[in-house]
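Overview (structure and organization)
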Amino acid sequence: MTVIGRNCLIIVGGLLLTVGLSNCSELLLSEDKGTISEESLVTIPFKRGIGYWTTDRSDSFIDRIFPKLQEGAEIAYVQIEDWPQQEEKEVKEKLQVIDNWLERAEKAGLMKYIAIEPFNGDRSALRQPSNWKGPPPTLANPQWKAAFRDYVLKIVAKHKPQYFNLAVEVNMYYWHHPEDYDNFCNLFKSLRQEIKQISPETKVFCSYQYELLIGQFAGQKQKPQWELFDEKAVEQD
């Protein structure tokens, strides 16, 4: 489970639904009459998101399902794990479908939310372009940082999303490599500034793995990571 602000992520039928936890509507019964009172209606606005999270990558699937999803959403969400430099046919096809999803969302008047995965599946190492040569990189590696910067800024320039998650579950990488976290903070700060120059309205942030953040991960107690919001915090939107 990933915490993004105060959102809840729910997977239904292969699709990701994003619902704001801090937002709700509540009807209360009037004590004297036992009826619903209009004065007791509490409404807190929230934005609902629907994400592309499915193994069906066909255009026909998007054409069939998108109008139904659009009825209940204000945000279109995608999470990108593949480097665009990769040449594999499957990767290219998946990235093209993501582009189609975001283009359809924009035409429908939905806001766009893009999340990037710079780390591998268990967040223990950095993802690498297919043409990478040499030992596994760290966030201090100038070649990796230059490739990642180019990757991120091209995505921002193409789609200009309202929301941009620069690093999914960044605290898991911190758990594996605390010595590399200052390098992440420096990279985040510089990229956030460049993203704002390209797309000033884009909100730039990262997300955190909730259980690990609060000190309960993999069925074992861990040290909570609240320092990531205190002395190790980076400015986010």
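Residues numbered from 1 in each chain as written. Predicted model: local features only at pLDDT ≥ 70, side-chain atom pairs only at ≥ 80, totals over all residues. Heavy atoms only, no water.

Examining the pattern of salt bridges
Stated precisely, the cut-off is as follows: By convention in these notes, a salt bridge is any Lys or Arg side-chain nitrogen within 4 Å of a carboxyl oxygen on Asp or Glu. Each helix corresponds to a stretch of at least 4 residues labelled H or I by DSSP, and each strand to a stretch of at least 2 residues labelled E; elements are numbered beginning at the N terminus.
Counted by the stated rule, this structure contains 11 salt bridges. One salt bridge connects Lys158 with Asp99, and the closest N-O pair in it is separated by 2.7 Å. Here the residue Lys158 occupies a position in helix α3 (residues 142–159), and Asp99 occupies one in helix α2 (residues 89–107), the gap between them amounting to 59 residues. Close ionic contact of Asp237 with Arg192 constitutes a salt bridge, the shortest N to O distance being 2.7 Å. Taken as a pair, Asp237 in the segment after β13 (220–221) and Arg192 in helix α5 (residues 181–198) lie far apart in primary sequence, 45 residues in all. If you follow the salt bridges from partner to partner, you end up with Glu117, Arg123, Arg127 and Glu169 in one network.

Points about the environment of Gln162
Formally: Should any heavy atoms of two residues lie within 4.5 Å, those residues are considered in contact. Contacts described as polar in this section are N or O atom pairs within 3.5 Å, which, within protein, must combine one atom able to donate a hydrogen with one able to accept it, while residues neighboring in sequence count only if both atoms come from side chains.
Within the secondary structure, Gln162 is located in the loop between α3 and β9 (163–165). Considering only alpha carbons, one finds Gln162 and Pro200, 38 residues apart in sequence, at a separation of 9.4 Å. The residues touching Gln162, leaving out its near neighbours within four places in the chain, are Met111, Lys112, Glu201, Thr202 and Lys203. From its side chain, Gln162 meets the backbone nitrogen of Lys112 in a polar contact 2.6 Å long.

Concerning α3
Residues separated by three or four positions in an α-helix point in the same direction, a consequence of the helix having 3.6 residues per turn. The criterion, for reference: A helix is expected to span 1.5 Å for every residue after the first.
With 18 residues, α3 extends 26 Å between its outermost C-alpha atoms, agreeing within 8% with the 26 Å of an ideal straight helix rising 1.5 Å per residue. Two or three places before Gln143, at the start of α3, stands the capping residue Asn141, its side-chain oxygen 2.9 Å from that residue's backbone nitrogen. In the stretch just after α3, Lys160 is the one whose phi turns positive, near 45°.

Notes on the nonpolar core
Where we set the bar: The set of buried Ala, Val, Leu, Ile, Met, Phe, Trp, Tyr and Cys residues whose side-chain atoms join them within 4.5 Å is what this entry labels a nonpolar core. Throughout, exposure labels follow a simple rule: accessible area from a 1.4 Å probe, protein chains only, divided by the maximum for the residue type, with under 20% read as buried, over 50% as exposed, and the rest as partly exposed.
Ranked by internal contacts, the top residues of the largest apolar core, which has 49 residues, are Ile80, Trp101, Phe148, Phe164 and Phe184. Taken together, the elements giving at least two residues each to this core come down to α1 (59–70), β7 (75–80), α2, β8 (111–116), α3, α4 (170–176) and α5. Aside from chain neighbours lying at most four places away, what touches Phe184 is Leu139, Ala167, Val170 and Cys206.

A few points about the pairing of β7
Going by this rule: A pair of strands is labelled paired if DSSP reports no fewer than 2 bridges between them.
Taken across its 6 residues, β7 has 6 buried, putting it largely inside the fold. A two-sided burial pattern is seen for β7, the buried positions comprising Ile75, Tyr77 and Gln79 on one face and Ala76, Val78 and Ile80 on the other. Bridge count for strand β6 (residues 49–51) against β7 is 3 bridges, and the pairing is parallel. Paired with Gly49 across the bridge in β7 is Ile75.

Re the side chain of Arg123
Along the chain, the position of Arg123 falls in the loop between β8 and α3. Classification of Arg123 by relative accessible area gives buried; the value is 6%. A polar contact of 2.6 Å, which involves the side chain of Arg123, links it to the side chain of Glu117.

Considering unusual backbone geometry
In the Ramachandran plot, Arg123 falls in the positive-phi region, its phi being about 65° despite a non-glycine side chain. Of note in this structure, Lys160 is not a glycine but carries a positive phi near 45°. Examined against the element boundaries, Lys160 turns out to sit in the loop between α3 and β9.

A look at the side chain of Gln225
Here Gln225 is to be found in the segment after β13. Of the residues examined, Gln225 reaches a relative accessible area of 3% and is grouped as buried. If sequence neighbours within four positions are ignored, Gln225 has contacts with Asn171, Tyr174, Trp175, Leu212 and Leu213.

What to know about the packing of aromatic side chains
Note the following rule: Aromatic pairing here means that ring centres of Phe, Tyr or Trp (its six-membered ring) are within 6.5 Å. Orientation follows from the plane angle: under 30 degrees is stacked, over 60 is edge-to-face, and everything else is tilted.
Inspection of every chain in the model, using the stated rule, returns 12 aromatic pairs. Centre to centre, the rings of Trp144 and Phe148 are 4.9 Å apart; their planes meet at 15°, and the pair counts as stacked. A residue pair is termed a helical-turn pair when its members lie 3 or 4 positions apart in one helix, as Trp144 and Phe148 do in helix α3 at 4 residues. Phe148 sits in the buried class, given a relative accessible area of 2%. Here Tyr208 and Phe229 contribute two aromatic rings whose centre-to-centre distance is 4.8 Å and whose plane-to-plane angle is 45°, an arrangement assigned as tilted. Note that Tyr208 is positioned in strand β11 (residues 208–209) and Phe229 in the segment after β13, a separation of 21 residues in sequence. You can call Phe229 partly exposed: its relative accessible area is 41%. The rings of Tyr77, Tyr113, Tyr163 and Phe205 are connected pair by pair, giving a single aromatic cluster.

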